[in-house]
Amino acid sequence: MPWLGLDAEEYDRKYTDLVLLKRIWKYIPAYKKNMIAIIITIAINAMVVGLQPYLLTMLLGRIQAHGLDMEIVTFIAIIFLSNFISWCCGVINNINNSIVSNGVVRDLRQQVATSIFSLDMSFFDKHPAGKVISRLNADTQHVGETVNLTISFISNFFVITILIIPVMLVNVYMGIIYITLIPVIALSISWFRKEARRRTLLGHQAHATLHSFIQVHVDGIQIVKNFGLESSIKNKFDEVNLQSYHVNVKRALFLNIFWPMLEVIQGFLIILIVLGGKFSVQSGLITGTEFYLFIESMWSLWSPLFRLAAFWPQFQVGLAAIERVYSLLDAESNVTQDGAVHLDAMEGRIHIKDLTFQYSPGKPVFTDLCLNVAPGESIALVGHTGAGKSSIARLLLRLYEFQDGEINIDNVNIRDVDLHWYRKQVAFIPQAPFLWSDSIRHNVNYGVVRQDDDRLWWALEQAGGADWIRRLDGELETMIRENGKNISMGQRQLLMFARTLLQDPAILILDEATASVDPITETKIQEALHTLMKDRTSIIIAHRLWTIKHVDRIIVLDHGKIVEEGTHDSLLDQGGEYASLYETYFTHQSYEFIEGAKRFLENDENT
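Residues numbered from 1 in each chain as written. Predicted model: local features only at pLDDT ≥ 70, side-chain atom pairs only at ≥ 80, totals over all residues. Heavy atoms only, no water.

Trainee: Tell me about the overall build of the protein chain, residues and numbers included.
Mentor: Helix and strand counts for the protein chain come out as 21 helices and 10 strands. When the 607 residues of the protein chain are sorted by exposure, 46% land in the buried category. When contacts within the protein chain are restricted to residue pairs at least 6 apart in sequence, long-range pairs at least 24 apart make up 78% of them. (Helix = DSSP H or I, 4+ residues; strand = E, 2+ residues; numbered from the N terminus. Buried < 20%, exposed > 50% of the residue type's maximum accessible area, 1.4 Å probe, protein only. Contact = heavy atoms within 4.5 Å.)

Quick look at the structure:
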């Protein structure tokens, strides 16, 4: 069946195992004390476990030669003590192992999250948020499990090494049989490794696709219900879910063939050991007690050796996750800053010269665009859909990188200013106001350094009044549901206006909401917008007649070019593109149009 959404992402890369391990190792020194404790307990536990077959052999030999006596009781006590020491080492090891593995996951997630937040908007345009979140969340967890596995691998390696010593002392021939097990398993692993990585990557991609599908359709559940497409979405989900099932079942089946293969190898080696032991005992090369030591050592060997072998398929799962995480971590932002200039006081002067920009190669949005905005000037951008209004806003916010030309802020190239500082000087209010699932207080104070209730209430009063908030049971502590679902669209806009007043930016960029609101709220929005625009450079993507009548200048865009500019009245008098747009989009909002419509309806009723 064809896989849905399982192709590698554009930013995915291939890394060698050594490169991945070196990069993960960089997180370990921060947990030096824990690693020392792990190494010490691993060494002690390995010696204790490795010497137990030898102690049991000595105990049996003593019983055979002298029967029960006090020395045998001492041997039993030593064996008991060794088991207790092994248990204590295991507890200490597990505690420190947990600290190290979870600490690495935490540190890695912090670094990945920082990298994600630094990427420009073109990255998020191309890659679904669900898949990005899956790498940050699920794949980093696999990294922690890999750290756990690696520590377990080291422990089992120590045990195997110590177990070899008594076996080689008993009989070299049998010791050689013992040692041949390791390269046989190594060869099996070498064949297995690459295919395991490929299938594991496919499994992770299937999980990310499923996660992304769920997130997108839960976010858009209202649209799904409006169109009555619940059944269709369920069928689509079943398809994506079934795909994830098939991919991961095939992966599990492949990974699990490794165990039967090891059991075949184990059976073959047991036959060799028994035949070799029979020959050695009959020939007088070793005693029965010594052969028992060898057998006991072999059985002690199987458990760590099998865990060692199991490490590799699980390790491939971890390496696949690490590769996905580092592909995301190494993704580069297209927005580049050449300097870190801080202006003493930002005036808000904007100068765009010969600007060329495209979202996709060969599809230019702007070619040689020029625009000047004076400090404190308010302009409205108008034009048909796709004219380039929102693109100007995105470029001024440095969410996208332009290909040619210049954007200067207060006569400084926008690529030379400190981006973090610059964005604090520019406020953006989107068409669909976004609010956090938090209190009104925290939503309005978001990003504000100096916070106090007096300034907060002042901003709310300036942004259309705060009476509606005082009528709420919790007032400022009232919790906003996801995306502001428990308040109206107009109230969301007013909260955004209040937040912007507290930010006190030099430049305001507003994409007016197209949603209709009641006349009272509309009046409050107009008053708040007038307050916001006062004494600051304002660029409004206009959808309301009131706005275009109250700005200093209107910029008319058509297919990425400025075709007209002027005031509302002067552009109407020209009878050009703006007049056409006005008739199409704004006439129905005018007082004259509304009164004329009323008279028409009244006359129609009388006839």
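Trainee: Let's hear about the confidence of the model for the protein chain: which residues, and what values?
Mentor: For the protein chain, the average pLDDT comes to 77, and 76% of its residues sit at 70 or higher. Per-element averaging of pLDDT across the protein chain places helix 21 (residues 591–606) at the bottom with 47 and strand 4 (residues 404–409) at the top with 91. A low-confidence stretch, residues 591–598 (pLDDT under 50), is modelled with 4 contacts involving residues beyond four sequence positions or located in other chains. (pLDDT = per-residue confidence, 0-100.)

Trainee: A description of the nonpolar core should follow, citing residues and the corresponding values.
Mentor: Of all hydrophobic cores here, the largest spans 45 residues; its most connected members are L460, L495, F497 and I554. Residue contributions to this core peak at 7 residues, all from helix 16 (residues 489–503). Excluding its chain neighbours within four sequence positions, the residues that come into contact with L460 are V444, G465, A466, I469, L476, L495 and A498. Listed in part, the 38 residues of the second largest apolar core include L369, I379, L396 and V417. (Core = buried A, V, L, I, M, F, W, Y, C linked by side-chain atoms within 4.5 Å.)

Trainee: Which residues make up the side chain of D107, and what are the values?
Mentor: Here D107 lies in helix 3 (residues 70–118). Its relative accessible area of 17% is what places D107 among the buried residues.

Trainee: Could you give me a rundown of the packing of aromatic side chains, with the residues and numbers involved?
Mentor: Enumeration according to the criterion identifies 5 aromatic pairs in this entry. Each ring, one from F357 and one from Y359, has its centre 4.7 Å from the other, and the planes form 75°; the classification is edge-to-face. Judged by relative accessible area, which is 35%, Y359 ranks as partly exposed. When the ring of F357 is compared with that of Y400, the centres are 6.3 Å apart and the planes differ by 70°; the resulting orientation is edge-to-face. On the criterion of sequence distance, the pair formed by F357 in strand 1 (residues 350–360) and Y400 in the loop between helix 11 (389–396) and strand 4 is long-range, its members being 43 residues apart. Of the residues examined, F357 reaches a relative accessible area of 2% and is grouped as buried. Classification of Y400 as buried rests on a relative accessible area of 5%. (Phe/Tyr/Trp six-rings, centres within 6.5 Å; stacked < 30°, edge-to-face > 60°.)

Trainee: Report on the sheet that holds strand 1, specifying residues and quantitative values.
Mentor: With respect to topology, 4 strands assemble into an open sheet ordered 2-1-4-5, the strand pairing being antiparallel. Strands with a single pairing partner mark the edges of an open sheet, and in this sheet they are strand 2 (363–373) and strand 5 (412–413). Bridging between strand 1 and strand 2 involves 7 bridges; their strand directions are antiparallel. Across the sheet, the residue bridging to L355 is L369, located in strand 2. Lying over the sheet, helix 11 contacts strand 1, strand 2 and strand 4, oriented at roughly 110° with respect to strand 1. (Pairing = 2+ DSSP bridges. Axes fitted to C-alpha atoms, helices over the stretch in contact; angles between N-to-C directions.)

Trainee: Break down the environment of G339 for me, citing the residues and quoting the values.
Mentor: Structurally, G339 can be placed in the loop between helix 10 (288–329) and strand 1. Along the chain, G339 and I414 lie 75 residues apart, while their C-alpha atoms are 9.1 Å from each other. With residues near it in sequence (within four places) discarded, G339 still touches R415, D416, V417 and D418.

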